[in-house]
Amino acid sequence: TEKENEIFNFLMSQTDNYVSREKLLSEIWNYDKDIDTHTLETHMYSLRKKIEEKLELKDLIIYREKKGYVINGDFL
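Procedures and definitions
- Residues numbered from 1 in each chain as written.
- Predicted model: local features only at pLDDT ≥ 70, side-chain atom pairs only at ≥ 80, totals over all residues.
- Heavy atoms only, no water.
- Axes fitted to C-alpha atoms, helices over the stretch in contact; angles between N-to-C directions.
- Helix = DSSP H or I, 4+ residues; strand = E, 2+ residues; numbered from the N terminus.
- Parallel < 35°, antiparallel > 145°, perpendicular 65-115°, else oblique.
- Contact = heavy atoms within 4.5 Å.
- Nonpolar A, V, L, I, M, F, W, Y, C, P; charged D, E, K, R; others polar.
- Pairing = 2+ DSSP bridges.
- Buried < 20%, exposed > 50% of the residue type's maximum accessible area, 1.4 Å probe, protein only.

It is worth spelling out the packing of helix 2 (residues 21–29) against helix 3 (residues 39–55) at this point. Axis separation between helix 2 and helix 3 bottoms out at 10 Å; the angle between their running directions is 90°. One element, helix 2, and the other, helix 3, form an angle in the roughly perpendicular class. Here Arg21, Leu24, Leu25 and Trp29 of helix 2 lie close against helix 3, whose contacting residues are Thr39, Leu40, Glu41, His43 and Met44. Taken together, the residues of the contact of helix 2 with helix 3 break down into five nonpolar, two polar and two charged.

Bringing the pairing of strand 2 (residues 68–71) into the picture now. Inspection of the sheet shows strand 1 (residues 61–64) paired to strand 2 by four bridges, in the antiparallel sense. Each bridged residue has a counterpart across the sheet, and for Arg64 the counterpart in strand 2 is Gly68. The antiparallel pairing of strand 1 with strand 2 creates a hairpin that spans three residues between the two strands, and Lys66 there sits at a positive phi of about 70°.

With that settled, consider the environment of Phe8. Along the chain, Phe8 falls in helix 1 (residues 2–13). Residue classification places Phe8 among the partly exposed residues on the basis of a relative accessible area of 25%. Sequence-wise, Phe8 and Leu76 are 68 residues apart; in three dimensions their C-alpha atoms are separated by 14 Å. The contact partners of Phe8, leaving out residues within four places of it in the chain, are Leu47, Ile51, Leu60 and Ile71.

Let us now look at the environment of Trp29. Positionally, Trp29 belongs in helix 2. By relative accessible area, which is 14% here, Trp29 ends up buried. Residues Trp29 and Ile7 lie 22 residues apart in sequence; the distance between their C-alpha atoms is 10.0 Å.

Encoded structure:
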């Protein structure tokens, strides 16, 4: 989807850095940092599933508690 592409492209532009949930919500959806939503998690689940099924790449996108999301450098 368009949002999945935006998420992936943003993560690719930040390959050396973890990107927080709040940063992604702000950059992709223009959400305020205090909003409570599962929009990101829903899109991330779908994006990861597509990457795993179509490209056979498991764990391309890594999530770390309190750090955020990052592209797995082992694939770059």
